[in-house]
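Examining the three-dimensional arrangement
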Number of protein chains: 2
Amino acid sequence: MLAEIITIGDELLIGQVIDTNSAFIAKELNKIGISVYQITSVQDDRNHILKAFKDAEQNVDVIIITGGLGPTKDDITKKTIADYFNDTLVLDESVLKNIESIWKQYVRQTLLQVNKDQALVPSKATVLMNTIGTAPGMWIENNNKVFISLPGVPFEMKALIQNEVIPKLTERFHLPFIIHKTLMVYGLGESTLAARIESWEDALPAIVKLAYLPDLGRVRLRLSAKGFDKEKIQAEVQKQIDAVLPLIKDEFYGFEDENGDVESIVAKQLTKLKQTVAVAESCTGGKVAERFTSHPGASNYFKGSVVSYATESKIDVLGIPKEVVETYSVVSAQVAEAMAKHVLGMFNSDFAIATTGNAGPTKGDSDAEIGTVFIAIATRNGVYSEKFMLGNHRSKVINKAVNKAFEMLLKEIFKN
Amino acid sequence: MLAEIITIGDELLIGQVIDTNSAFIAKELNKIGISVYQITSVQDDRNHILKAFKDAEQNVDVIIITGGLGPTKDDITKKTIADYFNDTLVLDESVLKNIESIWKQYVRQTLLQVNKDQALVPSKATVLMNTIGTAPGMWIENNNKVFISLPGVPFEMKALIQNEVIPKLTERFHLPFIIHKTLMVYGLGESTLAARIESWEDALPAIVKLAYLPDLGRVRLRLSAKGFDKEKIQAEVQKQIDAVLPLIKDEFYGFEDENGDVESIVAKQLTKLKQTVAVAESCTGGKVAERFTSHPGASNYFKGSVVSYATESKIDVLGIPKEVVETYSVVSAQVAEAMAKHVLGMFNSDFAIATTGNAGPTKGDSDAEIGTVFIAIATRNGVYSEKFMLGNHRSKVINKAVNKAFEMLLKEIFKN
C-alpha cells in the first residue's frame, strides 16, 4: 500500500510557510502500514494540480491532498478536484449546517456567500465532517484509487486525519497489523545507549526494526514489527523488550505508547496523589508552565508559575536575598534552590521546580558559561538541585532544560 | 524562469524529519526572480530519483536537489546523478583536500575510505565548495537545464545557497526583478477582510498578485509583482498599497517585510523607549512569557510573568480580592484588570498584560462560555480590558489569545 501527499499552495512555493502537514500525515500513515512514496507541493494552479493528480494516480493507491480550501477566491482546489473526476459541485446540507453553527457560535457576523460556498462539494465525494472549521474534508474513490482532500490549517487537518481518515483507511483496506513500542530512556546519549545495547541490537530478528529517536537530551527507542499474524508479532516484540529492559533498567521510565510522554506521567501521578506543583522559571522563560498548561485538566495539579526573567525580579518578586545572588551569582545552585523553596510557599504547593541558567547567545547577568543550567526541586521536606551543561544553541538549551525539569520532577514524585 | 526543488531521503517520507530546506531555498530563489514550480520529496531509491529528475527537466530550467550526500552506504544520490548524465564519478583533488582539512581540524580520527569517497564527483560537474562540511555541492548543465546538488544538512545547504548558488544563478541567467509586500492586518476574519476589499481586489492589475495568509486571528495580505522594469513594478505595487490602506486603516499594523512580526515590533519599540513589560497569565498558561523570552535580548524589556492558573493563586499570589472573584467570576473584565494592575506593581514595569479565560474543553472554575477570554492592559496611568470569543478548540483559543495580547500591547505602546 502506497500513498502520495500533495500539498497545494503558493505560500509553500515562495517559502513563506514550511510544510509541517506532510510529516504529520506521513507518520500517521506509516503507523497503519501505508508507506509514503512521494510528497509533492504544487502551486494554486488548475493545470498543475490536475497534472499532480494524474502523476500520483499512476504510482500510488491513496492520494492525500491538503490546502487550498479556504473561503477566498484564490482557492481553486475544490473546482479542480470536481473537474478531475468530471463532476460538479453540489451544496451539502450537513456541511452548510456545520458552517452555520460555527458561524453562529463564534463569528457572530453575517454569513457571506463565500462562506456558504464552502459547503459546495463534488457530488461523488463522501464528506469528512470538519467539526472545528468550515472547510470540509472529502473522500473520493475512482478506479480503485482513493483521493482524500483536507484543509491545510494544521489543527483541522490533524483532527480529520485522526478521527476520519485513519479509521476509514483501516476499514477500507486489508492492512497488515503493525506494532510500535517506544521505550523512553533518559540520562544516556545516543551513542552511549547504542554501545550499551549493541549485542542485543545485533541479535534482533529481521522482523523487529529498531530506531533511535534522539530529542534534546532524551532518547526514545522504537521497536516496530508488521505482518498479518498479530499474535506472533506481539510475542516477538515482547520477547525483545524483556531482553533489553535489564540493560537500561535505571534509565528507562516507561512506554510512551501506553503511558504517554513524561509530562503525561507526571500529570496522571499528581492527579492520582491529589498533589500540586508550582514553578519558578528563569532561563526557561515560561516554557515549563506552558508545557503543564497545554494539557486540559492541568488546573487539578498545576498551581502556577513565576517567570522571573530579570535578576531584579528574582530579588523583588521571588524574595531571593540579594547577598545570595551577589555571592553565588544568579546562575547557581543556591539561587535555583531559593527560587524553588520560595515559589513552593508562594503557591502553597507540594512540589516546586525552579530553573536558572544561561541559554546564550551572550552571557547576560551572569558569568556562567553558555549552556549552564541549574534545576532545583523543592518539596515540603527539603530542596536539592542539579547542574547541567546543555550546549550552546539557545532554543536547544531552553528545551533541554524543560525536559530535564520534568524528568527530575518525575523521579521525585515516584520516590514517594 | 522556473525551478523545482527535489529533496531526497526516506526520513522525510516516514515523517521523522520536517523538510525546512525547501522553504529556505524557495525564499532565496524568489528573491532573485526565480519562481518555484514544484517541491518534490522522494525516497532514497535510484529509479525514483531518476524519474523525479526526468519529470522536473520537462517543467523547469533549474533543478535544485538536497540530501543523500552523506558518507554512509545507503546514500545513492551521487551515483544516480552520474548515471542520469551518462557520466562517471572522478576524484576531485580540491574536495579531497577540503575533507582532509576538516577532518584534521575537527574530527581527529583516521580518515576512512567512505569519507574519502565524498570527494568523488561526476566528471561533468562543477564543484561548489562546501567549506563547512565534507559533502561538496555540484553544478551540472545539460541541454540548457541546470542541476544543482546540495547536502541536506541545513546549515551547509544554506551557506552553499547564499555563497555559491545565488551568485552563480544571477550571473548565468537574465532574471526579472521581484517584489513582495506583506501587510499585517488584525481584528478581521479572512472572509470579512475579503468582503471589505473586494472592489479593490477585483480591480488589481494582472501584474500584481494577491494572497491571503490567515493565522489564528490574524490575516496577512501579500502583494507580489515581478518583471524587468523595476521602477514600474515598484510604483504599481505602491499604488495598490496606497489604494488599499484606507480600507483597512484601523486594522493595519505594519509591513512584515520591513518591520518583522508583531512580537518583533513590540520588542524593538520597548527597547527603543527603554520601557518594560510584565505579564499575569491565566488561560494562556505561560505562552505570553514564552513568546517574549524566545527572543534573545528579551531581558532588556521583559521583567517577568506570573502564571496564576488555579483560582486560589489569583487570590493568594496576585492579591485579587476574593469578593471580586466571587462577584464577577474568575473569567471577567474585573479580574483581568486587577491581575494586570497587580503584576505591574509586583514587577514595577511600565506595561502589564493579563489574560483570563476559558480555553475548554470543560468549563473549569468559571461559568463563562468556552472560548471566552478577557485581556487587560495596564500602564502606570490606568487599565482597560477587552473581551474576545475565540472558538472552542483549546490550543487555538490559547494561541489566538496570545496573538490578541500582543496586538493590544502593540496598540498601547504606539499610543504613547
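The preceding data block contains the structure.
The text that follows walks through the structure, step by step, so that each part is easy to find. Computed from a predicted structure; not experimentally measured.

1. Concerning the packing of aromatic side chains
Evaluation of the coordinates by the stated rule reveals 22 aromatic pairs over all chains. Aromatic side chains Phe-53 of chain A and Phe-147 of chain A sit 5.6 Å apart centroid to centroid with 70° between the ring planes, which places their arrangement in the edge-to-face category. Here Phe-53 of chain A, found in helix H3 (residues 46–59), pairs with Phe-147 of chain A, found in strand S8 (residues 145–150); they are 94 residues apart in sequence, far enough to count as distant. Residues Phe-53 of chain A and Phe-147 of chain A agree in their burial class; the two are buried. Between Phe-85 of chain B and Phe-147 of chain B, the ring centres sit 4.9 Å apart and the planes meet at 85°, which makes this aromatic pair edge-to-face. Of this pair, Phe-85 of chain B sits in the loop between helix H4 (77–84) and strand S4 (89–91) while Phe-147 of chain B is found in strand S8 (residues 145–150), placing the two residues 62 residues apart along the sequence. Classification of Phe-85 of chain B by relative accessible area gives buried; the value is 4%. Three or more aromatic residues joined by ring pairs form one cluster here, namely Phe-292, Tyr-301, Phe-302 and Phe-406 of chain A together with Tyr-309 of chain B. Positioned above the aromatic ring of Phe-173 of chain A is the side chain of Arg-172 of chain A, whose terminal nitrogen or guanidinium carbon lies 4.7 Å from the ring centre.

2. Overview of H4 of chain B
Extensive coverage of H4 of chain B is indicated by the burial of 6 of its 8 residues. Buried within H4 of chain B are the following residues: Thr-77, Lys-78, Thr-80, Ile-81, Ala-82 and Tyr-84 of chain B.

3. Section: the nonpolar core
Formed by 50 residues in total, the largest nonpolar core has its most connected members in Val-306 of chain A together with Val-306 of chain B. Beyond its immediate stretch of four places on either side in the chain, Val-306 of chain A contacts Val-279, Ala-280, Glu-281, Val-317, Leu-318, Val-343, Met-346 and Phe-347 of chain A together with Ser-305, Val-306 and Phe-347 of chain B.

4. A word on a nonpolar patch on the surface
Residue and element names in this part refer to chain B. A cluster of nonpolar residues, Ile-132, Val-153 and Phe-155, forms a patch on the protein surface that exposes about 270 Å² of accessible area. With respect to the element layout, Phe-155 can be found in helix H7 (residues 154–172). On the accessibility criterion, Phe-155 (53% relative accessible area) is exposed.

5. Quick word on the sheet that holds strand S9 (residues 177–186) of chain B
All names here are of chain B. Here 4 strands make up an open sheet; going across it, the order is S10-S11-S9-S12 and the pairing antiparallel. Of all the strands in the sheet, just strand S10 (209–215) and strand S12 (252–255) have a single pairing partner and so form its edges. In this sheet, adjacent strand axes meet at a mean angle of 20° when their direction is disregarded. Here 10 bridges tie S9 to strand S11 (residues 218–227), and the two strands are oriented antiparallel to one another. Within S11, the position partnered with Met-184 by the bridge is Arg-220. Strands S9, S11 and S12 of the sheet are contacted by helix H10 (residues 230–244), whose axis makes an angle of about 15° with S9.

Analysis parameters
- Residues numbered from 1 in each chain as written.
- Chains lettered and ligands numbered in written order.
- Predicted model: local features only at pLDDT ≥ 70, side-chain atom pairs only at ≥ 80, totals over all residues.
- Heavy atoms only, no water.
- Phe/Tyr/Trp six-rings, centres within 6.5 Å; stacked < 30°, edge-to-face > 60°.
- Helix = DSSP H or I, 4+ residues; strand = E, 2+ residues; numbered from the N terminus.
- Buried < 20%, exposed > 50% of the residue type's maximum accessible area, 1.4 Å probe, protein only.
- Lys NZ or Arg CZ within 6 Å of the ring centre and 35° of its normal.
- Core = buried A, V, L, I, M, F, W, Y, C linked by side-chain atoms within 4.5 Å.
- Contact = heavy atoms within 4.5 Å.
- Patch = residues over 30% accessible without salt bridge, like charges linked within 9 Å, V, L, I, M, F, W, Y side chains within 5 Å.
- Areas by Shrake-Rupley, 256 points an atom, 1.4 Å probe, with all protein chains shown as cover.
- Salt bridge = Lys/Arg side-chain N within 4 Å of Asp/Glu carboxyl O.
- Pairing = 2+ DSSP bridges.
- Axes fitted to C-alpha atoms, helices over the stretch in contact; angles between N-to-C directions.

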